[in-house]
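Here are the chains, one letter per residue:
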Amino acid sequence: MQPAPTRRAGPLKASGIATAHVLLFTPVVVVFVLVVVSSVLTVVWVGVLLLLAVLPLSRLVADLHRTMAATVLGEPVPSPYLPVPPGPLRGLRARALDPATWRDLLWMMWAMSGGFVLSLLVVVKMLGVITLPLWWYAAVPLMRARSLIDRAILSPGRTEQLERRVHDLTASRAVVVDHSAAELRRIERDLHDGPQARLAAVSLSLGLADDLFETDPDAARRLINEARGTSSTALGELRDVVRGIHPPVLADRGLTGAVSALALDMAVPVELALDVPGRLPAPVESAVYFAVAECLANTAKHAGAGQSWVTLRYDGAVLRAEVGDDGRGGADPRSGSGLPGVAARLAAFDGILSVSSPTGGPTVVSWEVPCASSSPKTTRS
Ligand SMILES: Nc1ncnc2c1ncn2[C@@H]1O[C@H](COP(=O)(O)OP(=O)(O)OP(=O)(O)O)[C@@H](O)[C@H]1O
Ligand SMILES: [Mg+2]
């Protein structure tokens, strides 16, 4: 993903990009000719080999121009390509069948003709003393015109957008199904190792006590006391399991209340900025709550931090959250199961998680979840 440029280019930057366009004219021509020639040569095998090398090159050239158009327009120009599967032949097939590849060719024709003329006009005006004022006023409009056309051809079309969406949904569904199965296994294991084992012990103690009542009432009483202790432990463990499925505090006090309760349990001071008016859909609240809980648990376990913070902001369409700490940094979602679990839960709601944690800190885990509010109740804290 390219970073989102925030400001449009001025005359100087626009001219720099025009110069780059002019310098890249020859590589564009060469890549275009190579793609056309190797496509024709696919009737004999050598074309396939050529295409293997040339198609990635054509994507590189197009991506470079996407970045330049994004700089001129001050808005990102997304890449439209579908994911390429591993393996040279499968990869080549996927690239050849991707409509974006063929639109790149169309774009090259534009870049070698009208687009080139626009960029050249800017460069030529910049070089003459008489044309300098003209250059100052015309550079930006000319380069914007070129970049708008570049963007129109190089951005994903509606079909690509839908295909990509289907691909993303299929991937996130697979992750969610995996995650749900893992959750079920965890709950099953927690029940099996905790309450189930304790209740078996209670039943055993009560059975023994029943046998001993006539002959040794004291021993029977001891066993009953023991059984009582074990049953309260089982109850505590059952509560923990239930809390892990849908925390009662979330149902009672909503997201902001539940997050405040999490912060109170932390040994490190947690600064809260929670602005979520009303209630969000229960599954979203649950996913966000568990995400905050995991990040705060990570802060306590790994960060060695002196301060942490949680912000939640809901603007009516998107919930934005951030959990940070001033600890040692080095959080890496690839090395544990907590952060990937959070990402998987959020992905089910089209949520996107990002982790910034340079060595030495600070660690900031942030995410955005698009969602509609489910009630007008106002809860601010
Ligand atoms: N706030 C943090 N500060 C420093 N390091 C962190 C922080 N959060 C996570 N990490 C590092 O990133 C790794 C991955 O975190 P993750 O939550 O995925 O796994 P975990 O906490 O080790 O295990 P689990 O969450 O499955 O019990 C951690 O092992 C830890 O080394
Ligand atoms: Mg963790």
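Scroll up to find the structure.
Below or above, wherever it landed, is the structure these notes cover. Predicted, not measured: the structure shown is a model, and the values here were computed from it.

### As for the overall build of the protein chain
Line of reasoning, step 1. Of the regular secondary structure elements, the protein chain holds 12 helices and 5 strands.
Line of reasoning, step 2. Relative to the globule expectation of 21 Å for 381 residues, the C-alpha radius of gyration of the protein chain, 31 Å, shows a markedly less compact shape.
Line of reasoning, step 3. Principal-axis analysis of the C-alpha atoms places the extent of the protein chain at approximately 115 × 55 × 40 Å.
Line of reasoning, step 4. Counting every position in the protein chain, which comprises 381 residues, the buried fraction comes to 38%.

### Observations regarding helix α1 (residues 11-23)
Line of reasoning, step 1. In a regular helix each residue adds 1.5 Å, so 13 residues correspond to 18 Å; α1 covers 18 Å between its end C-alpha atoms and thus fits that length.
Line of reasoning, step 2. Residues of α1 that are buried in the fold lie against α2 (25-40), α3 (46-73), α6 (114-127) and α7 (132-154).

### Brief notes about the environment of Leu223
Line of reasoning, step 1. Here Leu223 shows up in helix α9 (residues 217-245).
Line of reasoning, step 2. Sequence separation between Leu223 and Pro340 is 117 residues; the distance between their C-alpha atoms is 45 Å.
Line of reasoning, step 3. Ignoring anything within four residues of it in the chain, the contact list for Leu223 reads Ser205, Leu208, Ala209 and Leu212.

### What to know about the packing of helix α11 (residues 282-303) against helix α12 (residues 338-347)
Line of reasoning, step 1. The geometry of α11 relative to α12 is characterised by a closest axis approach of 10 Å and an angle of 165 degrees between their N-to-C directions. With respect to their mutual orientation, α11 and α12 come out roughly antiparallel. Judged by the sense of rotation from one axis to the other, the crossing of α11 with α12 is left-handed. Between α11 and α12, the residues in contact are Ala287, Phe290, Ala291, Glu294, Cys295 and Asn298 and Gly338, Leu339, Val342, Arg345 and Leu346, respectively.
Line of reasoning, step 2. Within the contact of α11 with α12, the residues separate by chemical class into 7 nonpolar, 2 polar and 2 charged.

### Concerning the sheet that holds strand β3 (residues 318-325)
Line of reasoning, step 1. Overall, mixed pairing links the 5 strands, which are arranged β1-β2-β3-β5-β4 in an open sheet. Two strands in the sheet have a free side with no partner beyond their single neighbour: β1 (270-275) and β4 (352-356). Taking the axes of each pair of neighbouring strands and ignoring which way they run, one obtains an average angle of 5 degrees across the sheet.
Line of reasoning, step 2. Examined bridge by bridge, β4 and strand β5 (residues 363-370) share 5 bridges and lie antiparallel to one another. Bridged to Leu353 within β5 is Trp367.
Line of reasoning, step 3. Where α11 meets the sheet, its contacts fall on β1, β2 (308-314), β3 and β5, and the angle it forms with β5 comes to roughly 175 degrees.

### A word on the environment of Leu73
Line of reasoning, step 1. Relative to the assigned elements, Leu73 resides in helix α3.
Line of reasoning, step 2. Residue classification places Leu73 among the buried residues on the basis of a relative accessible area of 3%.
Line of reasoning, step 3. Remark: the alpha-carbon pair of Leu73 and Ala273, spanning 200 residues in sequence, is separated by 34 Å.

### Re the packing of α2 against helix α5 (residues 99-112)
Angle between the axes and distance between the axes: these two values describe a pair of packed helices.
Line of reasoning, step 1. At a closest axis distance of 10 Å, the pairing of α2 and α5 adopts a crossing angle of 135 degrees. Classified by the angle their axes make, α2 and α5 are oblique. As for the relative orientation of α2 and α5, their crossing is left-handed in sense. In this structure, α2 contributes Phe25, Val28, Val29, Val31, Phe32, Val35 and Ser39 to the contact, and α5 contributes Trp102, Leu105, Trp107, Met108, Met109, Ala111 and Met112.
Line of reasoning, step 2. Classifying every residue of the contact of α2 with α5 by side-chain character gives 13 nonpolar, 1 polar and no charged.

Cut-offs and rules
Residues numbered from 1 in each chain as written. Chains lettered and ligands numbered in written order. Predicted model: local features only at pLDDT ≥ 70, side-chain atom pairs only at ≥ 80, totals over all residues. Heavy atoms only, no water. Helix = DSSP H or I, 4+ residues; strand = E, 2+ residues; numbered from the N terminus. Rg over C-alpha atoms; globule rule 2.2 N^0.38 Å. Buried < 20%, exposed > 50% of the residue type's maximum accessible area, 1.4 Å probe, protein only. Expected span 1.5 Å × (residues − 1). Contact = heavy atoms within 4.5 Å. Axes fitted to C-alpha atoms, helices over the stretch in contact; angles between N-to-C directions. Parallel < 35°, antiparallel > 145°, perpendicular 65-115°, else oblique. Left-handed = near helix turned anticlockwise from the far one by under 90°. Nonpolar A, V, L, I, M, F, W, Y, C, P; charged D, E, K, R; others polar. Pairing = 2+ DSSP bridges.

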